[in-house]
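# Per-entry structural report
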Amino acid sequence: MTVAPTLPGAVTVRAPAKVNLELRVGPRRPDGYHDLATVFQAVSLHDEISVTRWDEWQVVPTGTYAALIPTDGDNLAVRAAKLVAEQWDVDEKLSIRIDKDIPVAGGMAGGSADAAAALLACDQLWGLGLMRDELAELAATLGSDVPFPLTGGNAMGSGRGDQLAPVLARGTFHWVFAISDVGLSTPAVYAECDRLRDLTGSATDMPEPQVSPELMGALRSGDPVALGAALHNDLEPAAFSLRPDLKELRDAGVEFGALGGIVSGSGPTVAFLTESHEASLDLSVSLAAADLCRDLRRAKGPVHGAHVVGAPRT
Ligand code: C5P
């Protein structure tokens, strides 16, 4: 692998992971997608993307999960950068360094964070001066979860999850994320959700998905106990059906004192809300001892969306 040197002029952007505090899934649409009503929270696990002019397209993976980063054209950060180059007629190629600290294929939108960061980095590098809504529009063409890491904070998502609106919230919340060995495919989890609903006939006459007043109230008041009780994910039964071990993990975390436990997005990461930083440490110790997951990460939320941090880490 060619390692890109840290050249002057490289632009580095930091983008956060997300957890869906609530994920309500409507019936399958004719285009294969599902209408969602969801509330995202950006959490303090970040990837950093550095873009440098180069004589060929290349991905340079670094960081905790470097080994799991695809380095070909399928990489969402590369697709994002090529999209900007195409749309604005920029005839340049880039070396894209991805410093990956967001768990891969875990339902925390790590690939989407990389794409969002690459959009912002290219905008800066090429001096395009794009507006936030132009970036959000490009982001939505790359994937349903790509607009949110640009925004960060707490936001409500509708449509495919790509139409964002701000959410009134106060306080900081403390999380423990239990990371699995093996990823779960997002389309497979949605397909399993459809299959389970067909079995029970629950897809017919399904009301439009809506976020609950309990969750919005918990965010407004900054009350972690109320938020823990309001966490909800319609994809959870599907994730548990494909991976029954995740239910065991979620139940264990709740038994060990989490205020709430939920599969993050389409999984397999399980997110546990705790009362405080200390409670997160205690929960991590208990979960580690139970040996039900590969890794545990602590984080707090909400945090800011994608932002330029300047020169690359060395
Ligand atoms: O938009 P994105 O490429 O991230 O979506 C990946 C897959 O997840 C889609 O192909 C679809 O199977 C599923 N999905 C869905 N409804 C959504 C978002 C994603 O069915 N709102």
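Worth saying up front: this structure is predicted, and the values here are computed from it rather than measured.

### As for helix α3 (residues 132–142)
- Within α3, burial applies to Leu135, Ala136, Leu138, Ala139 and Leu142. Viewed along the axis of α3, the buried residues span an arc of 165 degrees, placing them on a single side of the element. The exposed set on the far side of α3, more than 90 degrees from its buried face, consists of Asp133 and Thr141.
- Elements that come into contact with the buried residues of α3 comprise α1 (76–87), α2 (110–125) and α4 (147–151).

### Concerning the UniProt feature "domain: GHMP kinase N-terminal" (unreviewed entry) in the protein chain
- Sequence positions flagged by UniProt for "domain: GHMP kinase N-terminal" (unreviewed entry) are, in local numbering, residues 75–153.
- Along residues 75–153 one finds 56% helix and 9% strand; the C-alpha atoms at either end are 25 Å apart.

### Quick word on the site of the ligand
- All residues in the neighbourhood of the ligand are listed as Gly32, Tyr33, His34, Leu36, Gly143, Ser144, Asp145, Arg160, Gly161, Thr186, Pro187 and Tyr190.
- Counting only elements with at least two residues in the shell around the ligand, the list comes to β2 (34–54) and α5 (186–200).
- Considering every element that reaches the shell around the ligand, the biggest residue donor is α5, with three residues.
- Residues that form the shell around the ligand fall into these classes: four nonpolar, six polar and two charged.

### A few points about the nonpolar core
- With 91 residues, the main nonpolar core has Val51, Ala116, Ala118 and Leu119 as its most contacted residues.
- Considering each element in turn, this core owes the most residues, ten residues, to α2.
- Not counting residues up to four positions away in its chain, the partners in contact with valine 51 are Ala10, Val11, Ala81, Leu94, Ile96, Ala118, Ala121, Cys122 and Leu125.

### Topic: α5
- With 15 residues, α5 extends 22 Å between its outermost C-alpha atoms, agreeing within 8% with the 21 Å of an ideal straight helix rising 1.5 Å per residue.
- Taken residue by residue, α5 has Val189, Glu192 and Cys193 as its buried positions. When α5 is viewed along its axis, its buried side chains cluster within an angular range of 105 degrees and face the same direction. Turned more than 90 degrees away from the buried face of α5, the exposed residues are Pro187, Arg195 and Asp198.
- Where α5 is buried, its residues contact β1 (11–28) and α8 (236–242).
- In the segment just after α5, glycine 201 is the residue with positive phi, at about 70 degrees.

### Structural notes on the confidence of the model for the protein chain
- Summarising the model, the protein chain shows a mean pLDDT of 94, and 96% of its residues fall at 70 or more.
- Note on residues 1–5: pLDDT under 50 across the span, and seven contacts to partners over four residues away in sequence or across chains.
- Interface scoring of the predicted complex returns ipTM 0.96; its pTM is 0.94.

### Let's talk about the UniProt feature "active site" (unreviewed entry) in the protein chain
- Under the UniProt annotation, "active site" (unreviewed entry) lies at Lys18 and Asp145. A maximum C-alpha distance of 9.2 Å places the annotated residues, which cover 128 residues in sequence, within one compact spot.
- Within the secondary structure, lysine 18 sits in strand β1.
- Judged by C-beta crowding, with 33 C-beta atoms within 10 Å, lysine 18 ranks as buried.
- Lysine 18 has contacts with Phe40, Gln41, Ala42, Val43, Met108, Ala109, Phe148 and Pro149, leaving out every residue within four places of it along the chain.
- Look at aspartate 145 and you get buried, because 30 C-beta atoms sit within 10 Å.
- Dropping the residues within four chain positions of it, aspartate 145 is found in contact with Ala109, Ser112 and Gly161.

Parameters at a glance
- Residues numbered from 1 in each chain as written.
- Predicted model: local features only at pLDDT ≥ 70, side-chain atom pairs only at ≥ 80, totals over all residues.
- Buried ≥ 20, exposed ≤ 12 C-beta atoms within 10 Å, placed from the backbone.
- Helix = DSSP H or I, 4+ residues; strand = E, 2+ residues; numbered from the N terminus.
- Arc of directions from axis to C-beta.
- Contact = placed C-beta atoms within 7 Å.
- UniProt positions renumbered as here; feature names shortened; annotations may be inferred.
- Near = placed C-beta within 6 Å.
- Nonpolar A, V, L, I, M, F, W, Y, C, P; charged D, E, K, R; others polar.
- Core = buried A, V, L, I, M, F, W, Y, C linked by C-beta atoms within 7 Å.
- Expected span 1.5 Å × (residues − 1).
- pLDDT = per-residue confidence, 0-100.

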